[in-house]
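Understanding the architecture of this molecule
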Protein chains: 2
Amino acid sequence: MLGEFALIAKYFAGHDTGKGVRLGVGDDCALLHSKAPLALTTDTLVEGSHFFAGTRADFLGWRALAVNISDLAAMGAKPRYFLLSLTLPEAKKAWLKAFAKGLFALARQEKMALIGGNTSKGPLSITITAIGSIKPQRVLLRNAAKPGDDIYVTGSLGGAGLYVKAGQGELKLSSELFNELYAQSFLLPSRARFARKLTRICNCAIDISDGLTGDLRHICRESKVGAQLILENLPLNPCFALPEVTELLSREARIDTALYGGCDYELLFTLAPAQRAALQQLACKLQVPVTKIGTITPLSDGFNFMLDGRRQILRPSFEHF
Amino acid sequence: MLGEFALIAKYFAGHDTGKGVRLGVGDDCALLHSKAPLALTTDTLVEGSHFFAGTRADFLGWRALAVNISDLAAMGAKPRYFLLSLTLPEAKKAWLKAFAKGLFALARQEKMALIGGNTSKGPLSITITAIGSIKPQRVLLRNAAKPGDDIYVTGSLGGAGLYVKAGQGELKLSSELFNELYAQSFLLPSRARFARKLTRICNCAIDISDGLTGDLRHICRESKVGAQLILENLPLNPCFALPEVTELLSREARIDTALYGGCDYELLFTLAPAQRAALQQLACKLQVPVTKIGTITPLSDGFNFMLDGRRQILRPSFEHF
């Protein structure tokens, strides 16, 4: 067993400190001098709630940072720094090494610097606070959707929801498919670069963490608008087209997984129709798939899901408690 | 049971947002525009490691913020903002109400704004990231102690250590004394204001979180100096003088508790002897007790504890793992 301080020094210190950092890991606080406005967010992964016991440590390291980057992206912020609070039942070298590998692989890719943190003994849980820089007037908010806007999502939906259902034993997938979804659910792509460019043509976005339905409701509530989704247009995870999935899940069940599954960490944004061509150029240049899934409507029209031209009955969205 | 979002809205939103906050709780990130350099720190309280199961929720709310303020104070930073990550087994209204009461009582006292956070389901654990503003050149660091400096602590030592020993059943205290130590251990005073003034006359400090011995070792290692402590000068918690404590703990055991007990969250700082009068004026003005407990020595003299003129044998300091 390692001491706490040896542990921090061994696995988490010595990485790049990054621009604007006057003092990184090693004193009581980090010191930062940023002239730009900052965006700050914090998110926690708890064993048993956000991931199954026994999840690969490198996957956890990546995802703990990725879910925070997703929040930065949802504001159009450029990821810069993060603090890590790690609670572990015991300090196993192999686990820590793998966790740090996953964490810093994404940190390096995003040019983010670890500037502080702490470790505790207890049930496995990882909290990261991430900090990004933003340009004033180039911010994506939840309250900026307007009736007539198109509703878009990046990437695909439902993969994480399908992984969780299989992991909970609700359905049985081949180990090959299960492992593919497992990796996809944890090694999330960053949408931060795409989101920063998106601020040129749009100013309303949220990340899909609790499920498309719940997160779209946030936009509608904050923007005081309604929404109509065309469910046959949802970009389902490509794995959903495999025979082993279509045999297990009806079309309705696949759509339901995409609507309520959660943890996709894709961007949901609204766009004035005049910007469609600009969006296609951006998506092409950055190689980020975008799909139009519906339209923002007046508040009085409410929240509507259409499938094959028929209105669907909604159920409440996911809640932690 | 409350939904996650109702929960956040009900107990944690609607407090003052604070100067420099462009956007607080409610979007994917908080937005901050601070012209001053920032100090950032994060600390976690885990049930079973940092507090006993059943600890009062208002005490936890106060302390979760207080331990982070202690880190800000140790840098000489002015507390400004914080983010809260709260993991709970279930969302009980009475618990949340009490937790928020304790948390915001200290936040209001320190004029700190909650700018973001999240809630998760899981074993009880509280992570706060606190952010303060600092003036360049008015920073307290661990690496600035010089041979000949006096070593000081604020307040008193050992109270939290005695509380933990009693709570673990190692010794039996009267319920009156136990409850007094319980309250003292959680409702920690803030040393932030004192620390900011202290930056005028000193530039080396740390907060005592893991125990005086371990934290003094950090200063010595970072400053490349030695230290001599005069143990009879340690400011023991006033409760240590009660007959029920002196009957249970020998003088050596009382001193040991002060040296290794941890969680006192007092400031440990070093001061050039020329500044002694200025320190006494500051301590008097702000009504913060300060006690000289030793002297910084050259690195070659090592780390020495003296009691009644005799050198004591040291044991290793506290480690979480």
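Residues numbered from 1 in each chain as written. Chains lettered and ligands numbered in written order. Predicted model: local features only at pLDDT ≥ 70, side-chain atom pairs only at ≥ 80, totals over all residues. Heavy atoms only, no water.

With that out of the way, let us pick up the domain arrangement of chain A. Residues and elements named next belong to chain A. Along its sequence, chain A is carved into domain 1 (4-133) and domain 2 (150-311). Relative to domain 2, the C-alpha centre of domain 1 lies at a distance of 26 Å. Counting residues at the interface gives 22 residues for domain 1 and 22 residues for domain 2. Of the roughly 1800 Å² buried between domain 1 and domain 2, counting both surfaces, carbon and sulfur atoms make up 66%. Counting the surface domain 1 buries against domain 2, the share from its top three residues, Phe52, Phe59 and Arg63, is 35%. Run the count over domain 1 and domain 2 and you get 0 salt bridges. On inspection of domain 1 and its partner domain 2, the count reaches 4 residue pairs in polar contact (both at pLDDT 80 or more). Considering every element that reaches the side of domain 1 that touches domain 2, the biggest residue donor is helix α2 (residues 57-73), with 10 residues. A per-class count over the side of domain 1 that touches domain 2 returns 12 nonpolar, 5 polar and 5 charged. (Domains from an automatic or database assignment. Contact = heavy atoms within 4.5 Å. Buried area = accessible area lost by both parts, 1.4 Å probe. Salt bridge = Lys/Arg side-chain N within 4 Å of Asp/Glu carboxyl O. Polar contact = N/O pair within 3.5 Å; in protein donor to acceptor, adjacent residues only side chain to side chain. Helix = DSSP H or I, 4+ residues; strand = E, 2+ residues; numbered from the N terminus. Nonpolar A, V, L, I, M, F, W, Y, C, P; charged D, E, K, R; others polar.)

Turning next to the sheet that holds strand β11 (residues 290-298) of chain B. Residue and element names in this part refer to chain B. Here 7 strands make up an open sheet; going across it, the order is β8-β10-β7-β11-β9-β12-β13 and the pairing mixed. Either end of the sheet is taken by a strand with one partner, and the two such strands are β8 (204-207) and β13 (310-311). Where β8 meets strand β10 (residues 267-271), 4 bridges bridge the pair, whose relative direction is antiparallel. What sits directly across from Cys204, in β10, is Thr270. (Pairing = 2+ DSSP bridges.)

This part is about the interface of chain A and chain B. Each side of the interface is counted separately: chain A has 66 residues, and chain B has 65 residues. When chain A packs against chain B, the two sides together hide about 5200 Å² of surface, and 59% of this comes from carbon and sulfur. For the pair chain A and chain B, the interface holds 4 salt bridges. In terms of residues, the side of chain A that touches chain B owes the most to one element, strand β3 (residues 38-46) of chain A, which gives 8 residues. Tallied by class, the residues present in the side of chain A that touches chain B amount to 33 nonpolar, 20 polar and 13 charged. Sheet topology note: the β3 of chain A/strand β2 (residues 30-32) of chain B ladder contains 3 bridges and is antiparallel.

Residues and elements named next belong to chain B. Two elements in contact, helix α2 (residues 57-73) and helix α5 (residues 175-186), have axes separated by 8 Å at closest approach and are oriented at 40 degrees. If you check the angle between α2 and α5, you find them oblique. Packed against α2, whose contacting residues are Phe59, Leu60, Trp62 and Arg63, the element α5 presents Tyr182, Ala183, Ser185 and Phe186 at the interface. Partitioning the contact of α2 with α5 into residue classes produces 6 nonpolar, 1 polar and 1 charged. (Axes fitted to C-alpha atoms, helices over the stretch in contact; angles between N-to-C directions. Parallel < 35°, antiparallel > 145°, perpendicular 65-115°, else oblique.)

All names here are of chain A. Two elements in contact, α2 and helix α3 (residues 93-110), have axes separated by 6 Å at closest approach and are oriented at 35 degrees. The handedness of the crossing between α2 and α3 comes out as right-handed. Every residue of α3 that contacts α2 at Ala57, Asp58, Leu60, Gly61, Trp62, Leu65, Ala66 and Ile69 is listed here: Trp95, Ala98, Phe99, Gly102, Leu103, Ala105, Leu106, Ala107, Gln109 and Glu110. Partitioning the contact of α2 with α3 into residue classes produces 13 nonpolar, 3 polar and 2 charged. (Left-handed = near helix turned anticlockwise from the far one by under 90°.)

Here we take up the state of the cysteines. All told, the structure shown has 0 disulfides over all chains when counted by the stated rule. Cys239 of chain A takes part in no disulfide bond, and the closest cysteine sulfur to it belongs to Cys263 of chain A, at a distance of 17 Å. (Disulfide = S-S within 2.5 Å.)

Let us look at the pattern of salt bridges. Residue and element names in this part refer to chain A. The full count for this structure, using the stated rule, is 16 salt bridges over all chains. In this structure, Arg56 and Asp58 form a salt bridge, with 2.6 Å as the shortest nitrogen-oxygen distance. Put simply, Arg276 and Asp150 hold a salt bridge, and the shortest N to O gap is 2.5 Å. Highlighted residues: Arg276 in helix α10 (residues 276-286) and Asp150 in strand β7 (residues 150-154), separated in sequence by 126 residues.

Right, let's get into the relation of the copies chain A and chain B. In the superposition of chain A on chain B (RMSD 0.0 Å, axial shift 0.0 Å), the rotation amounts to 180 degrees. Taken together, the rotation and translation describe the operation of a two-fold axis. (Least-squares fit on C-alpha atoms with pLDDT ≥ 70 in both.)

On to helix α4 (residues 159-167) of chain A, then. All names here are of chain A. Among the 9 residues of α4, 7 are classified as buried, and the element is accordingly described as predominantly covered. Residues of α4 that are buried make contact with α5 (175-186), α8 (243-248) and α9 (251-260). Looking one or two residues past α4, Gly169 carries a phi angle of roughly 80 degrees, positive in sign. (Buried < 20%, exposed > 50% of the residue type's maximum accessible area, 1.4 Å probe, protein only.)

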